[in-house]
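Observations on the three-dimensional arrangement
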Amino acid sequence: MPAEALVLVDASAVIFPVYFAAGDRHRDDAGAAAGARVGWLDRLLRYRAALPPGARLGVAFDEALGTGFRHALDPAYKAHRPLADPALQAELQQCRAMTRALGIPESASRRFEADDLLALAAARGRPRPLVLVSGDKDLLQLLRPGDLRWRPDRAGPESYDAVRAALGFAPEAMAHYLALVGDSSDGIAGVPGVGTVTATRLLQRFPSLAALYGALDQEGEAALAGLPRSARLAAQLLAGRAQAEHALTLTRLDGPVRRAFDPARVAPPPLSAERVEEALRLGGLLRYRSRFLAHLPERP
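Read on for a plain summary of the structure. Just so we're clear, the structure is a prediction, and the values are computed from it rather than from any experiment.

This part covers the packing of helix α7 (residues 174–181) against helix α8 (residues 196–205). Close contact between α7 and α8 brings their axes to 9 Å; oriented N to C, the two are set at 140 degrees. The orientation of α7 relative to α8 falls into the category oblique. Where α7 crosses over α8, the handedness of that crossing is right-handed. Touching His176, Tyr177, Leu180 and Val181 of α7 are Thr196, Ala199, Thr200, Leu202 and Leu203, all from α8.

Further remarks concern the sheet that holds strand β3 (residues 106–107). With mixed pairing, the 6 strands of this open sheet are ordered in space as β3-β2-β1-β4-β5-β6. A strand with exactly one partner marks an edge of an open sheet, and here the two such strands are β3 and β6 (158–159). Relative to strand β5 (residues 148–150), strand β4 (residues 130–133) runs parallel, the two sharing 3 bridges. Paired with Val133 across the strands is Trp150, a residue of β5.

Following the sequence through the fold, Asp116 ends up in helix α5 (residues 114–125). For Asp116, a relative accessible area of 2% translates into the label buried. Here Asp116 is in contact with Phe69, Arg70, Leu253 and Val257, once residues within four sequence places are set aside.

Reading the values: the criteria
Residues numbered from 1 in each chain as written. Predicted model: local features only at pLDDT ≥ 70, side-chain atom pairs only at ≥ 80, totals over all residues. Heavy atoms only, no water. Axes fitted to C-alpha atoms, helices over the stretch in contact; angles between N-to-C directions. Helix = DSSP H or I, 4+ residues; strand = E, 2+ residues; numbered from the N terminus. Parallel < 35°, antiparallel > 145°, perpendicular 65-115°, else oblique. Left-handed = near helix turned anticlockwise from the far one by under 90°. Contact = heavy atoms within 4.5 Å. Pairing = 2+ DSSP bridges. Buried < 20%, exposed > 50% of the residue type's maximum accessible area, 1.4 Å probe, protein only.

Set out below in structure tokens:
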């Protein structure tokens, strides 16, 4: 991990898998299911312990569930997704409280999604290299050369170059890729007839929708010379232009987010038994004291 890294954690990408995997295996001090809290605190302490001295750490939570600005732009956006059950929603609030108790900057909003908050923190933190802790494809657009992506289910991070090689195009263009192919998981329709292979080829040639449609406006079908069925593809792209441009308003993460979330400015405090115990108290997890104090570095 780079010495001056800004490590940004997508809380949902960490919490949801451990919550569903844990089942009833973990119980809190009152006997209630505590899989989300135990899994979250375990991962968060590991990320904190892995930080080099000059690095920074921030976390974003999702609370814009049906209330975000994208839902106002398009009623179909994530309309098919069920809300978290009340027990999980309560655990998520406790996860936020535990994060604050450890002195780690965190943020959530009913208007902006966690992705937007992470984009804001990443932009404010430049030129620090970013370590993005998430498996969410939407967030790949935040990566720049020298950054790392760390999927929560992997032992270590992947380089920007590895992500680019796997995608077949620059990660920065992910919002434009999703605007072309659509994203069924978010209820976003793309350009009819444009699939993943075609979109990848287009983004290897054009870095953005603006560049693609600018070339089509100036050159017509000739802008796509060398691509399979270029005449048909040009017609499909032009017919779906308004749909693609609307989709881009939903997939891009460079909007004006007004939040005081800037973890790059705050050095995380040292891990201490007192902070960990306060996090455990807020999470109702004091029964796990021995387990979590084991994360602390040994004192000289």
